[in-house]
Amino acid sequence: MKKRLFPLLAAVALTVLASCDGKEAVPVDLSIVPIPVSMVAAGKPCNLKAHPDIKTRIDAKMAPEAYELNTGKGRVEIKAGSEAGIFWARQTLAQLEAQYGDVLPGVRICDEPVFSYRGAHLDCCRHFFTVDEVKAFIDMMALHKLNVFHWHLTEDQGWRAEIKQYPRLTEVGSVRKETLVGHYGSNVYDGTPYGGYYTQDDMRDVVAYAAERFITVIPEIEMPGHASAALASYPELGCRGKDYPYQVQTTWGVFPEVFCAGNPETVTFLEGVLDEICEIFPSEYIHIGGDEAPREEWEKCPKCQALMKEKGFTREAELQSYLITTVEKYLADKGRKIIGWDEILDGGVSQSATVMSWRGAKGGIEAAKMGNDVIMTPNSYFYFDYYQTGDPAGNDEPMGIGGNLPLSKCYAFDPYDQLNDEEKAHIRGIQANMWTEYVATFDHVQHMVLPRMAALSEVAWSCDNRTSYDDFLARLTGGLKPIYDKCGYHYADYAFKGIE
Ligand code: ACM
Ligand code: ZN
């Protein structure tokens, strides 16, 4: 592994490069993740005990999230394009302090993110996490300079968002009678009711907490699939009708029970839910799900078939597209845009929808070529419920869904693969997803997320400026790991031990 030195003034050959303000400067080699655009020597060390104050200034000429952190003037100075940039600079400063304590090297660090959308998702439905745990997740995101929290709030196994017009969603839909023990396919259940939900005040509290950290919260309301908990609450919204005993699911997977696309009450319900969601979440984007919605119920349902006939649809996929487009228009009237999983491409999608590519990068590439905006979150690179080594049992890994997604693989993702310059412009960002079928505690969440979140961060901020995996791992070890230790995070140490 590359040994990191500061300063590198003793190195034999020193290259000279332009610093942020165009002056010639000597590069230095610091353990900072993500790797900044530039790091140069900037004068004498800075003793924080002597000068604890930090001077900050907004420079409107800089890009909104760009920052310059200077410790070379005897004290810390930060200049940034916005308050967000100042906040990201403070995260860099935290890494310097973690390495050097009170006496920081005199350096000037400049950085700005490649992607404006740098997301992390948390599934609070398969397992519920308290408001404090959600805030702790947001803190982990802030440390890694991520700026979008995708909050997965509705599922087959539990509806977690209080909706005042539809109280049964939480009275009935937030509790399942028991939970599968072990992996999918096991026939063992724990026999214990499991539930939890967020009040509207809870959700507002999380939105405000995230905003203080320059993180936008995007709520996800799943439609038309992953709807069992909603249908258990309001069975009249399903194709099987009000007398069918829908239940909040107790096992994992994809279920045939979806919202009835042919029932106008479904649209009324979804719009009512979204009215309240939009009141709570000021985000420009609302995630409407769209994934894994089987169409077999629609094939048999008289209401769905009647709607297809009326609209001249020949494929059930067009019903999905109809529902999503109807909701998209409703949200557009409120000044909001939709994001949907890549299945929203099936049956046609409007140009204004943003596609979240999860079944690999294929859907994202297709969407970008069609001119849609894209968030890349391919399962093979950014599904943090996957195992982190090739031998989970031998390495004593806690439960994961399967797969093998070591840190080095996350780090290697190329968001621009197969795209020309025009198409590249549609890649708005990248995201990692923390699905929690097999992750029941927040300690376990931390184990799955850290340190892979650091690789996500480096791709999101630095992308083509990345150096090498070994260099990244050295910076991670020097800059972020001491903070993980200080915070008491339950991070995975396979990568630090060289286990893949
Ligand atoms: C997904 O993983 N079903 C989006
Ligand atoms: Zn139907």
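See the structure printed just above.
Here's what I pulled together on the structure shown here. Everything numeric here is computed off the predicted structure, so don't read it as measured data.

Some details on the overall build of the chain
If you tally the helices and strands in the chain, you get 16 helices and 21 strands. Relative to the compact-globule value of 23 Å for 500 residues, the chain shows a C-alpha radius of gyration of 24 Å, a close match. C-alpha extents for the chain along the principal axes are approximately 80 × 45 × 40 Å. In the structure as shown, the chain presents an accessible area of about 19100 Å², 51% of it carried by carbon and sulfur atoms. Treating the 49 positive side-chain charges of the chain as one cloud and the 71 negative ones as another, the clouds have centres 5 Å apart.

Structural notes on the pattern of salt bridges
Considering all chains together, one arrives at 23 salt bridges under this definition. With a closest N to O distance of 3.3 Å, Glu155 and Arg126 form a salt bridge. Separated by 29 residues along the polypeptide, Glu155 in strand β12 (residues 154–155) and Arg126 in the loop between β10 (117–123) and α2 (131–143) bring together distant segments of the chain. Each member of the pair Glu155 and Arg126 is classed as buried. Where Glu212 meets Arg213, a salt bridge forms, and the shortest distance between an N and an O atom there is 3.3 Å. Overall, Glu212 belongs to the exposed group, its relative accessible area being 54%. Residue classification places Arg213 among the buried residues on the basis of a relative accessible area of 18%. One network of salt bridges, with partners in common, ties together Asp123, Arg126, Glu155 and Glu437.

Thoughts on the side chain of His127
Relative to the assigned elements, His127 resides in the loop between β10 and α2. Using a relative accessible area of 8% as the deciding quantity, one classes His127 as buried. Polar contacts involving the side chain of His127 include one to the main-chain carbonyl oxygen of Thr436, which spans 2.7 Å. Once residues within four sequence positions are removed from consideration, His127 is found in contact with Arg176, Tyr194, Trp252, Thr436, Glu437, Val439 and Ala440.

Overview of the packing of α2 against helix α14 (residues 442–449)
Where α2 contacts α14, the two axes come as close as 11 Å, and the packing angle between them is 20°. Judged on the interaxial angle alone, α14 and α2 are roughly parallel. For the pair α2 and α14, the sense of crossing is right-handed. Taken together, the residues of α14 that come into contact with α2 (itself represented by Glu133, Ala136, Phe137 and Met140) are Phe442, Val445, Gln446 and Val449. For the contact of α2 with α14, a count of residues per class yields 6 nonpolar, 1 polar and 1 charged.

Some points on helix α6 (residues 264–280)
Taking 1.5 Å of rise per residue, the 17 residues of α6 would be expected to cover 24 Å, and the 25 Å separating its terminal C-alpha atoms lies within 8% of that figure. In terms of residue burial, α6 counts as a mostly covered element, since 12 of its 17 residues are buried. The complete set of buried residues in α6 reads Thr266, Val267, Phe269, Leu270, Glu271, Gly272, Val273, Leu274, Glu276, Ile277, Cys278 and Ile280. Its side-chain oxygen 2.9 Å from the backbone nitrogen of Glu265, Asn263 forms the N-cap of α6.

Some words on the state of the cysteines
Within this structure, the stated rule accounts for 0 disulfides. Free cysteine: Cys410, not disulfide-bonded; nearest cysteine sulfur from Cys463 at 15 Å. Given a relative accessible area of 0%, Cys410 falls into the buried group. The thiol of Cys487 is unpaired, and the distance to the nearest cysteine sulfur, on Cys124, comes to 20 Å. Accessibility expressed as a relative area gives 41% for Cys487, which makes it partly exposed.

Some points on the coordination of the zinc ion (ligand 2)
Each protein donor to the zinc ion (ligand 2) is listed here as Cys239 (SG), Cys260 (SG), Cys301 (SG) and Cys304 (SG); together their distances run 2.3 to 2.4 Å. Seen from the zinc ion (ligand 2), its 4 donor atoms lie at angles of 107 to 114°, and the figure they make is tetrahedral. Between consecutive donors of the zinc ion (ligand 2), the numbers of intervening residues give the motif C-x20-C-x40-C-x2-C. Of this pair, Cys260 sits in the loop between α5 (228–233) and α6 while Cys304 sits in helix α8 (residues 302–311), placing them 44 residues apart in sequence. Judged by relative accessible area, Cys304 falls into the buried class, the value being 0%.

Notes on the sheet that holds strand β18 (residues 337–341)
Ordered in space as β10-β11-β16-β17-β18-β19-β20-β21, the 8 strands form a closed barrel in which the pairing is parallel. Across the sheet, the mean angle from the axis of one strand to that of its neighbour is 30°, orientation sign disregarded. In terms of strand pairing, strand β16 (residues 216–223) meets strand β17 (residues 285–289) through 2 bridges, oriented parallel. The partner of Met223 across the bridge, within β17, is Gly289. Across the face of the sheet, α6 comes into contact with β16 and β17 while running at roughly 170° to β16. Lying over the sheet, helix α9 (residues 317–333) contacts β16, β17 and β18, oriented at roughly 165° with respect to β17.

Criteria and cut-off values
Residues numbered from 1 in each chain as written. Chains lettered and ligands numbered in written order. Predicted model: local features only at pLDDT ≥ 70, side-chain atom pairs only at ≥ 80, totals over all residues. Heavy atoms only, no water. Helix = DSSP H or I, 4+ residues; strand = E, 2+ residues; numbered from the N terminus. Rg over C-alpha atoms; globule rule 2.2 N^0.38 Å. Areas by Shrake-Rupley, 256 points an atom, 1.4 Å probe, with all protein chains shown as cover. Lys, Arg positive; Asp, Glu negative; His and termini not counted. Charge placed at Lys NZ, Arg CZ, Asp CG, Glu CD. Salt bridge = Lys/Arg side-chain N within 4 Å of Asp/Glu carboxyl O. Buried < 20%, exposed > 50% of the residue type's maximum accessible area, 1.4 Å probe, protein only. Polar contact = N/O pair within 3.5 Å; in protein donor to acceptor, adjacent residues only side chain to side chain. Contact = heavy atoms within 4.5 Å. Axes fitted to C-alpha atoms, helices over the stretch in contact; angles between N-to-C directions. Parallel < 35°, antiparallel > 145°, perpendicular 65-115°, else oblique. Left-handed = near helix turned anticlockwise from the far one by under 90°. Nonpolar A, V, L, I, M, F, W, Y, C, P; charged D, E, K, R; others polar. Expected span 1.5 Å × (residues − 1). Disulfide = S-S within 2.5 Å. Donors = N, O, S within 2.8 Å, 3.2 Å for Na, K, Ca; no water. Tetrahedral: all angles 85-135°; square planar, octahedral: opposite > 155°, others 65-115°. Pairing = 2+ DSSP bridges.

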